[in-house]
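Residue-level structure breakdown
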Amino acid sequence: MKSYALIVNPSSGKGRALPKAEALRSRLSDAATVEVLETTHRGAAMEFASEAALHVDRVIAVGGDGTLHEVMNGLISSGLGPSDLPALGFLPAGTANAAVRAFRLSSDPDSVAAALINAEVMPLDIGMVHHEGGQHAFLLWFGAGWDAVVIHALNSRRVGLMGVSGLVGHTPQVLEAIARYDQPTITSQVNGSAFGAHSSVIIANVGPIAFGGMVTEAADPADGQLDVVGVPHVTVLRAIHLGFRLMTSSLTRSSAVHHTPGSHITLQADGHVPFQLDGEPVGVLPATVTLMRNAVRFLRT
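This text gives an overview of the structure that appears in the document. (Residues numbered from 1 in each chain as written. Predicted model: local features only at pLDDT ≥ 70, side-chain atom pairs only at ≥ 80, totals over all residues. Heavy atoms only, no water.)

**With respect to the pattern of salt bridges**
Tallied over the full model, the rule gives 6 salt bridges. One salt bridge connects arginine 293 with aspartate 125, and the closest N-O pair in it is separated by 2.8 Å. Of this pair, arginine 293 sits in strand S16 (residues 287-300) while aspartate 125 sits in strand S5 (residues 120-131); the two residues are 168 residues apart in sequence, bridging distant segments of the chain. Look at arginine 293 and you get partly exposed, because its relative accessible area is 45%. Taking the shortest distance from any N to any O, the salt bridge between arginine 253 and glutamate 217 comes out at 2.9 Å. Of this pair, arginine 253 sits in the loop between helix H9 (236-248) and strand S12 (258-262) while glutamate 217 sits in the loop between strand S10 (200-204) and strand S11 (226-231), placing them 36 residues apart in sequence. For arginine 253, a relative accessible area of 52% corresponds to the exposed category. (Salt bridge = Lys/Arg side-chain N within 4 Å of Asp/Glu carboxyl O. Helix = DSSP H or I, 4+ residues; strand = E, 2+ residues; numbered from the N terminus. Buried < 20%, exposed > 50% of the residue type's maximum accessible area, 1.4 Å probe, protein only.)

**Remarks on unusual backbone geometry**
With the exception of glycine, the majority of residues adopt a negative phi angle, and the majority of peptide bonds are in the trans configuration. Going from leucine 285 to proline 286, the amide bond is cis rather than trans, its omega being 15°. Take proline 286: it is sitting in the loop between strand S15 (280-284) and S16. Despite not being glycine, arginine 104 has its phi angle at roughly 55°, a positive value. For arginine 104, the location among the structural elements is in the loop between helix H4 (98-103) and helix H5 (109-117). We classify arginine 104 as exposed; its relative accessible area is 73%. Phi angles above zero are rare outside glycine, and asparagine 294 is one such case at about 50°. By secondary structure assignment, the location of asparagine 294 is in strand S16.

**Side note on the sheet that holds strand S7 (residues 141-144)**
An order of S12-S11-S10-S7-S14-S15 is seen for the 6 strands of this open sheet, with the pairing classed as antiparallel. Pairing within the sheet leaves two strands with one partner each, and these edge strands are S12 and S15. On average, each strand axis in the sheet is tilted by 20° relative to the strand beside it, whichever way the strands run. Where S11 meets S12, 5 bridges bridge the pair, whose relative direction is antiparallel. (Pairing = 2+ DSSP bridges. Axes fitted to C-alpha atoms, helices over the stretch in contact; angles between N-to-C directions.)

**So, the environment of proline 281**
With respect to the helices, strands and loops of the structure, proline 281 is situated in strand S15. Assessed through its relative accessible area of 24%, proline 281 is described here as partly exposed. When neighbours within four sequence positions are excluded, proline 281 is seen to be in contact with Arg42, Ile151, His152, Asn155, Phe275 and Gln276. (Contact = heavy atoms within 4.5 Å.)

By themselves these figures say nothing about function.
What follows is the structure, given as structure tokens:
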């Protein structure tokens, strides 16, 4: 019998996460041993995952992208090698699930329970970020500059919906944060070569990001590289154009942005530039991002 730890953020999805976790536990319990672990504070999912890594076969994050992000970081922090880590699964239950689009996942507990029986285990790359606050991994994307400003503004008032609904609901706060941001210059190097000066840099491991946007169709979390996208300093009109590209096709379809693959990226800034990982505010530049090949075994459900 396989053993599972379901790590659930009960506040995700306006309270929908815990009923989903209990439904999944019920459907798995006839053929597996299952424990449900409820988080009570930010960082709890990481703590649970680090401990569970030592005694279960599979760890399933139940919540939004932030819960998945914490659980993955907990597994990595356990100190086990990739081949010894439990397989990582995700039952989406949040309001801003970029991972759902990236991996084409079901959010129905019945479907996920059935899929887990013979689920394909995919080795995935991750990005590891070293900065003054320590080190953190990301599965989806890293953003420094404009998108981090928006995400920091949303998380400072993190109640209710996130995603597009949260963006609309907190429009005044987001606009205020954008108006205050003075676009410090970010200078970066990719694999030892200068990448240029930009107002924002996105490092994508997958194409889809928050709010329904698409960075680049080229991003693939199993291709041994990260996709680095630089956005120049922009006027309001240019920002509108780039936002249109991001939401309707992909950011890299605009000739104004720069795009290159890489596995080692350093970023510095001439002012205060926040960055986020997988939609979670983490720190400020400078930072170094390194690809970790096949670091996570992900369950496709």
